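# An overview of the molecular structure
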Amino acid sequence: QVQLVESGGGLVQAGGSLRLSCAAAGITLNDKLIGWSRQAPGKPLREWVALTGPTGNTNYIDSVKGRFTISRDNAKNTMYLQMMRLEPEDTAVYYCYATAGPNLYWGQGTQVTVSS
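Thresholds applied
Residues numbered from 1 in each chain as written. Predicted model: local features only at pLDDT ≥ 70, side-chain atom pairs only at ≥ 80, totals over all residues. Heavy atoms only, no water. Pairing = 2+ DSSP bridges. Helix = DSSP H or I, 4+ residues; strand = E, 2+ residues; numbered from the N terminus. Axes fitted to C-alpha atoms, helices over the stretch in contact; angles between N-to-C directions. Phe/Tyr/Trp six-rings, centres within 6.5 Å; stacked < 30°, edge-to-face > 60°. Buried < 20%, exposed > 50% of the residue type's maximum accessible area, 1.4 Å probe, protein only.

Here we come to the sheet that holds strand β7 (residues 68-73). Taken in spatial order, the four strands line up as β1-β3-β8-β7 in an open sheet, and their pairing is antiparallel. Sheet topology places β1 (3-7) and β7 at the edges, where each strand pairs with a single neighbour. Put simply, the sheet's adjacent strands are angled 15° from each other on average, direction ignored. In terms of strand pairing, β7 meets strand β8 (residues 78-83) through six bridges, oriented antiparallel. Within β8, the position partnered with aspartate 73 by the bridge is threonine 78.

As C-alpha cells, this is what we get:
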C-alpha cells in the first residue's frame, strides 16, 4: 500500500520560510516523477507547483520560481519543498504526489497559511 505523508505546514508571516516534507512508504521515490501541488482557499482545482524527475531535472510554476526548491533524499525516501519569501498568495493546502507508471499517488495535504 502506497502512503505519502506530508508535514511541515503552518502559519508564517509574509517573507518567511517553510520546508515541507513528504515521506513515502510502499513506493520508492528515487526513480519516480514526483512533485507538489496546492489548492488555494475557494479554488476548485489544485495548481501544479513543482516537479522533479529521476534524473534530477526540475520545473516550477512561474509564480514560485526563485523562491521554492524541490528536492528528494533517496536514503530517507522523502521529498521536500523549501519555500522562501512566502507571500499571502501562497496560502493553500499543499499536496505531494508521485507517479508510478499509470498510477498517481497523493498525500493527504498540509496547510500553509501566509499572513500579510
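Once that is clear, we can look at the pairing of strand β9 (residues 92-100). Pairing geometry for strand β4 (residues 34-39) and β9, over six bridges, is antiparallel. Bridging from a neighbouring strand, serine 37 pairs with tyrosine 95 of β9. As defined by bridge partners, β9 adjoins strand β11 (residues 110-115) across three bridges and the pair is classed as antiparallel. The residue bridging valine 93 from the neighbouring strand is glutamine 111, located in β11. In this structure, β9 lies alongside strand β10 (residues 103-106), joined through four bridges in antiparallel fashion. For alanine 100, the partnering residue across the bridge sits in β10 and is asparagine 103.

Moving on, we get to the packing of aromatic side chains. One pass over the full model with this rule turns up two aromatic pairs. For the ring pair tyrosine 95 and tryptophan 106, a centre distance of 6.4 Å and an interplane angle of 90° mean the geometry is edge-to-face. Taken as a pair, tyrosine 95 in strand β9 and tryptophan 106 in strand β10 lie far apart in primary sequence, 11 residues in all. Residue tyrosine 95 is classed as buried on the basis of its relative accessible area of 12%.

To continue, consider unusual backbone geometry. The phi dihedral of asparagine 77 falls on the positive side, at around 55°, and the residue is not glycine. Checked against the element boundaries, asparagine 77 lands in the loop between β7 and β8. Residue classification places asparagine 77 among the buried residues on the basis of a relative accessible area of 17%. At arginine 85, a position not held by glycine, the phi torsion is positive, near 45°. Mapped onto the fold, arginine 85 is located in the loop between β8 and β9.

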